[in-house]
Amino acid sequence: MRLLGPAELDASSVVANNAMNRGRRLRGYSRELGLNLAVALSGKTWLDLCCGEGHALAEAALLGADVTGVDLVGHFAVPPAANLRLVVASIPGWHPSGKFDLITVVHGLHYLGDKLGVLAEIAGWLTERGKFAANFDVASVEAGSRRKLLAALRSRGFVYDSRNRRISRTGPAVVEFPYEYLGADDTAGPNYTGQPAVVSHYRA
Ligand SMILES: C[S@@+](CC[C@H](N)C(=O)[O-])C[C@H]1O[C@@H](n2cnc3c(N)ncnc32)[C@H](O)[C@@H]1O
């Protein structure tokens, strides 16, 4: 199997797939993450990675949150606002200048290469009581023993919900995983969402 590097992955038709849903609203975000985001956002800083068109962020900005969205593709479909920043950038590789009360990745980790590297970075971008929540399928990380991978996530403060395929954490940490990233496989086919996804390969 040929594993792709970051530039090849960004150009892959799996990542640039126009059939993926980029238009979720705040209610859709809340449903996908199992959180009521509308009540949690007023006066908070929110970073949304793989934000798609930015609708959920625009709603949150109206509710008084200070929001930043990042997406590889600049298909943003919302008007600018002083408390809404939308950035075109590839993750991993983008770094914020501040910390956030909430960090989310709604159906975006499925398309990233070094998923564990991104999770480790996110842990360092949270405020003291900051929350992280994302859709995540542990089957999209090929790192040898699944049991050891889950233990590595757990011991570093991540909570994996296997039934709903979500990952979360509360509070910051300096996180390092005992895995070396090898590259990404964009030929694995559809994941549980029904869309083709990217499997990230690691050496323990
Ligand atoms: C299924 S869409 C979800 C969009 C949005 N979160 C939503 O739920 O409406 C996945 C998004 O991930 C973005 N994406 C994929 N690879 C990325 C990367 N390397 N860096 C940043 N965004 C990426 C895609 O452009 C797409 O907008």
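A quick note: this is a predicted structure, and the numbers were derived from the prediction, not measured. (Residues numbered from 1 in each chain as written. Predicted model: local features only at pLDDT ≥ 70, side-chain atom pairs only at ≥ 80, totals over all residues. Heavy atoms only, no water.)

This part is about the site of the ligand. Taken together, 21 residues sit near the ligand, with Arg24, Tyr29, Cys50, Asp71 and Ile91 positioned nearest. One of the side-chain N or O atoms of arginine 24 is found 2.6 Å from an oxygen atom in the ligand. Within the backbone of cysteine 50, an N or O atom sits 2.8 Å from a nitrogen atom of the ligand. Class assignment of the residues belonging to the shell around the ligand gives a composition of 12 nonpolar, 5 polar and 4 charged. (Near = heavy atom within 4 Å. Polar contact = N/O pair within 3.5 Å; in protein donor to acceptor, adjacent residues only side chain to side chain. Nonpolar A, V, L, I, M, F, W, Y, C, P; charged D, E, K, R; others polar.)

Bringing helix α4 (residues 55–62) into the picture now. What sets the pattern is the α-helix's 3.6 residues per turn: residues three or four places apart point alike. With respect to burial, α4 is a largely interior element, 6 of its 8 residues being buried. Within α4, the full set of buried residues consists of His55, Ala56, Leu57, Ala58, Ala60 and Ala61. Packed against the buried residues of α4 are α2 (26–33), β1 (45–49), β2 (66–71) and β3 (84–88). Looking at the residues trailing α4, positive phi occurs at glycine 64, about 100°. (Buried < 20%, exposed > 50% of the residue type's maximum accessible area, 1.4 Å probe, protein only. Helix = DSSP H or I, 4+ residues; strand = E, 2+ residues; numbered from the N terminus. Contact = heavy atoms within 4.5 Å.)

The next subject is the state of the cysteines. Under the defined criterion, the tally for this structure stands at 0 disulfides. Here cysteine 50 is not cross-linked by a disulfide; its sulfur's nearest cysteine counterpart is in cysteine 51, at 8.1 Å. Exposure remark for cysteine 50: the relative accessible area of 18% places this residue in the buried category. Overall, the relative accessible area of 4% leaves cysteine 51 in the buried class. (Disulfide = S-S within 2.5 Å.)

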